[in-house]
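Examination of the molecular architecture
Below are the chains, spelled out letter by letter.
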Amino acid sequence: MKRQIVREAIDFVCEQEALSAEQRRALEAVPIRWRRRRGASRFYLRAVHGFAGPHILISVGRGSVVRWHTYRRVRAGLVTPPEGVPVAAALHARIALVHELTHAVQHGMCGTPRRRYSEVETTANEIEFVRRVAPEVHVRLVPIEKRRAKPREGTRESRPVSRWAGLSVWLRALLRA
Ligand SMILES: [Zn+2]
């Protein structure tokens, strides 16, 4: 089961990041520590928890169904609703792995140049992965609308940002896929 989960997540990240076979092997070599309890999953660059170097911690809550929450990143276009989206534990593990493997790539773990450690890319990858493997979960995401600027003292309240703005970001993300 775990091997299948890891393979699917690695397949996706390699395709998404256009990694070579050699880069894929480097990504596959990043050790993974599994934890069956609620809490954050993380990519660790330093040697802790008995690992000699970088590794990934994947936390999946107990129970067969757990709640998926994404970061709220305007450039990702979509976000989970405040209460999260219930997903099967195995899907949650795959999503968490896609996220942490993306961090590993950002850190140059597989030879690609290091880049900004950003939650935009990790979140966008999670969402794209879910769109492909679980469209019934993907439809429960909501478009992000840019927060409206606070109206300045003495000026007329600005018009709220149209729903279209959020939708067009989402559409563009969809078309890029
Ligand atoms: Zn992250």
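Here we summarise the structure given alongside this text.

Definitions and cut-offs
- Residues numbered from 1 in each chain as written.
- Predicted model: local features only at pLDDT ≥ 70, side-chain atom pairs only at ≥ 80, totals over all residues.
- Core = buried A, V, L, I, M, F, W, Y, C linked by C-beta atoms within 7 Å.
- Buried ≥ 20, exposed ≤ 12 C-beta atoms within 10 Å, placed from the backbone.
- Helix = DSSP H or I, 4+ residues; strand = E, 2+ residues; numbered from the N terminus.
- Contact = placed C-beta atoms within 7 Å.
- Pairing = 2+ DSSP bridges.
- Axes fitted to C-alpha atoms, helices over the stretch in contact; angles between N-to-C directions.
- Parallel < 35°, antiparallel > 145°, perpendicular 65-115°, else oblique.
- Left-handed = near helix turned anticlockwise from the far one by under 90°.
- Nonpolar A, V, L, I, M, F, W, Y, C, P; charged D, E, K, R; others polar.

What follows is about the nonpolar core. Formed by 33 residues in total, the largest nonpolar core has its most connected members in Leu97, Val98, Leu101 and Ala104. The set of elements that each furnish at least two residues to this core consists of helix 1 (2-16), strand 3 (55-59), strand 4 (65-68), strand 6 (85-88), helix 3 (89-106) and helix 4 (119-133). In terms of residue count, the dominant contributor to this core is helix 3 (nine residues). If sequence neighbours within four positions are ignored, Leu101 has contacts with Ala9, Ile10, Val13 and Leu27.

The next thing to look at is the sheet that holds strand 1 (residues 32-35). The pairing of strands in a sheet comes from backbone hydrogen bonds and takes either a parallel or an antiparallel form. The strand order 1-3-2 describes an open sheet built from three strands, whose pairing is mixed. The sheet is open, and its two edges are formed by strand 1 and strand 2 (42-44), each paired on a single side. Going across the sheet, the axis of each strand differs from the next one's by a mean of 20 degrees, ignoring polarity. In this fold helix 3 packs onto strand 2 and strand 3, with an angle of close to 155 degrees to the strand it touches most, strand 3.

A word on the packing of helix 3 against helix 4. Each pair of packed helices can be described by the angle between their axes along with the distance between the axes. Viewed as axis vectors pointing N to C, helix 3 and helix 4 meet at an angle of 140 degrees, and their least axial separation amounts to 9 Å. By the angle class used here, helix 3 and helix 4 are oblique. Both helix 3 and helix 4 take part in a crossing whose hand is right-handed. Here helix 3 contributes Ile95, Val98, His99, Thr102, His103 and Gln106 to the contact with helix 4, which in turn contributes Glu121, Thr122, Asn125, Glu126, Phe129 and Val130. Here the contact of helix 3 with helix 4 is composed, by residue class, of four nonpolar, six polar and two charged.

At Ala18, a residue that is not glycine, the phi angle is positive and equals roughly 50 degrees. Mapping Ala18 onto the fold places it in the loop between helix 1 and helix 2 (21-28). A positive phi angle, near 55 degrees, is found at His49, a position not held by glycine. Mapped onto the fold, His49 is located in the loop between strand 2 and strand 3. By the C-beta count within 10 Å, which is 10 here, His49 ends up exposed.

Bringing the packing of helix 1 against helix 3 into the picture now. Across the interface, helix 1 lies against helix 3 with an axial gap of 9 Å and an inter-helix angle of 45 degrees. Here helix 1 lies oblique to helix 3, going by the angle between them. In the crossing of helix 1 with helix 3, the sense of the turn from one axis to the other is right-handed. Across the interface between the two elements, Ile5, Val6, Glu8, Ala9, Ile10, Phe12 and Val13 from helix 1 touch Ala90, Ala93, Arg94, Leu97, Val98, Leu101, Thr102 and Val105 from helix 3. Considering only residue class, the contact of helix 1 with helix 3 consists of 12 nonpolar, one polar and two charged.

Among the secondary structure elements, Arg116 is positioned in the loop between helix 3 and helix 4. Linking Arg116 and Gln106, residues 10 residues apart in sequence, is a C-alpha distance of 6.6 Å.

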